[in-house]
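# Working through the structure, step by step
Spelled out from the first residue to the last, the chains are:
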Number of protein chains: 2
Amino acid sequence: MSLKQLKVNKSFGGLQKVYSHDSSVLGCTMKFAVYLPPNADSAKLPVIYWLSGLTCTEENFMIKAGAQQYASRHSIILVMPDTSPRGCKIPGEDDSYDFGTGAGFYVDATEEPWKANYNMYSYITEELPALINAEFPADAQRQSIMGHSMGGHGALICYLKNPGKYRSVSAFSPICNPTQCPWGKKAFKGYLGPDEESWKEYDATCLVAKYDGPPTDILIDQGTDDEFLKDQLFPDNLVQACKEAQVPIVLKKRAGYDHSYFYIATFIGEHIEHHAKHLVE
Amino acid sequence: MSLKQLKVNKSFGGLQKVYSHDSSVLGCTMKFAVYLPPNADSAKLPVIYWLSGLTCTEENFMIKAGAQQYASRHSIILVMPDTSPRGCKIPGEDDSYDFGTGAGFYVDATEEPWKANYNMYSYITEELPALINAEFPADAQRQSIMGHSMGGHGALICYLKNPGKYRSVSAFSPICNPTQCPWGKKAFKGYLGPDEESWKEYDATCLVAKYDGPPTDILIDQGTDDEFLKDQLFPDNLVQACKEAQVPIVLKKRAGYDHSYFYIATFIGEHIEHHAKHLVE
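Now for a look at the structure at hand. Here the structure is a predicted model, which is why all the values come from computation and not from measurement. (Residues numbered from 1 in each chain as written. Chains lettered and ligands numbered in written order. Predicted model: local features only at pLDDT ≥ 70, side-chain atom pairs only at ≥ 80, totals over all residues. Heavy atoms only, no water.)

### Re the relation of the copies chain A and chain B
Superposing chain A onto chain B takes a rotation of 180° plus a shift of 0.0 Å along the axis, which leaves an RMSD of 0.0 Å. Expressed as an axis order, the relation between the two copies is that of a two-fold axis. No C-alpha of chain A approaches the rotation axis more nearly than that of A:Lys64, which lies at 2.7 Å. Interface overlap between copies is the fraction of interface residues in one copy that are interface residues in the other; for chain A against chain B it reaches 100%, indicating a shared surface. (Least-squares fit on C-alpha atoms with pLDDT ≥ 70 in both. Contact = heavy atoms within 4.5 Å.)

### Focus on the packing of aromatic side chains
Aromatic ring pairs are described here by two measures, namely the spacing of the ring centres and the angle between the planes. Residues and elements named next belong to chain A. Under the defined criterion, the tally for this structure stands at 38 aromatic pairs over all chains. Taken together, a centroid distance of 6.1 Å and an interplanar angle of 50° make the contact between Trp50 and Phe172 tilted. Within this pair, whereas Trp50 is found in strand S4 (residues 45-51), its partner Phe172 is found in strand S7 (residues 169-172), the two being separated by 122 residues in sequence. Trp50 gets classed as buried once you look at its relative accessible area, which sits at 1%. Phe172 gets classed as buried once you look at its relative accessible area, which sits at 0%. Judged by centre distance (6.2 Å) and plane angle (70°), the ring pair of Phe188 and Trp199 falls under edge-to-face. With Phe188 in helix H5 (residues 182-192) and Trp199 in helix H6 (residues 196-199), the pair connects residues that are 11 residues apart, well separated along the chain. Residue Phe188 shares its accessibility class with Trp199, and that shared class is buried. Of the aromatic side chains, those joined through ring pairs into one cluster are Trp50, Phe61, Phe172, Tyr257, Tyr263 and Phe267. One Lys or Arg, Lys161, reaches over the ring of Tyr121 and ends 5.3 Å from the middle of that ring. (Phe/Tyr/Trp six-rings, centres within 6.5 Å; stacked < 30°, edge-to-face > 60°. Helix = DSSP H or I, 4+ residues; strand = E, 2+ residues; numbered from the N terminus. Buried < 20%, exposed > 50% of the residue type's maximum accessible area, 1.4 Å probe, protein only. Lys NZ or Arg CZ within 6 Å of the ring centre and 35° of its normal.)

Spelled out as structure tokens, the structure:
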């Protein structure tokens, strides 16, 4: 798991870096970005994992969200992984924007030919945190997770499937009920096979019904002019499931905002503040 | 000069837009980005022009700098033009990153084959502001200018050559003395010809000696780890010329920062605050 530093830029008093490493659960070389706030060599600091959406790499959030400003202020490390394995030479992996490369969907694949590499769930919840905790001044007891769109789905399932592992979760325009939308159906059928029961293990709206972890307050953010809201995202399904399961959730509807990073940049400060309440004691 | 809207995204309560239009002084279709803060339809607002550096388009600052946050807070319009004419089919215009496309250097060319199109100085100081003032709620009496690298040079010369036209000027890692550095010599020889006297009309360090406009306070920002500081930028030459001409200048040296947009994003808030002091009454 040796790390190779590819980029470093000073940013808001800290360091914005990009690394590559060989991933054993994904069977390929992966990149991730990490932001280390100003005092990152004097203490163990809390960490927020950011999961990006379809077509993204480790760069989109790093460049466009303006999150370093808030991570610097709250002394929080940000970790920004890629969204899928890369260059695995699997036939068809580059054929569409919503399956294969750039579209790992944060599951562990069970189907051929994907199951040898497309294990982003294990990568995000196990392999990457182990690496981060070993190589950076990260406090393994204080981590949270958030993401956007496909990555919002990823953040929600990683949180709900691992009670207590993350202190808090938030998501921008997440795919809330992937077993019911075109993006999710395509991805789950491809990675998990035709048995739709198995899909429910990676669907936040299904998972929340059996959540029995510590008390929580899920934060969901949604632009009302999001071009994918009606056909792909279904936040109301998640809110309804939370209501039935008596799991507290806040859905912030943002009038006139779309699915872009301009929207994320506008509200990322609020989200990091939400996580800081849980992480910084 | 009819405008065509290409993109619109809500951002910090306002609208981040991209337009194209046919430029008569450049003889081609140009794009620019504009940020309209939340109350842009109820009053005439001040404007800051941002000039980008080599290889940039109208997109870099819009996506990477995080400036909308501060423009929103201070109710200032941001205008972000492209860095050169595009697609003029001049032989050689795409041969290098530091001359031709993406490298207009904010001069009015006098040499063939550039002089028909490469008139970025007139575009920035005349044609574009006329368009902005006609089409947006911009207060023509309250405009300022800033930029980065080649665009920092551009901001300084536009300001110094037009006393009173801009309320204030600031620059990140500007090319302060282009007649003396490789980037400037190459560009000026190509656009302005071999007579080096003519080059001085577009060199901030030369221009400041004869500045006789209203009292001013020029703000220059420079990272100490900037990879171009030693060979291309020469901020100390400008500071020395200002001292001799008794023109107030502040040079902020930022320890450990480089030439990137991570650096710009860290300090753009300070710069917009500097301009707001001059623009918002």
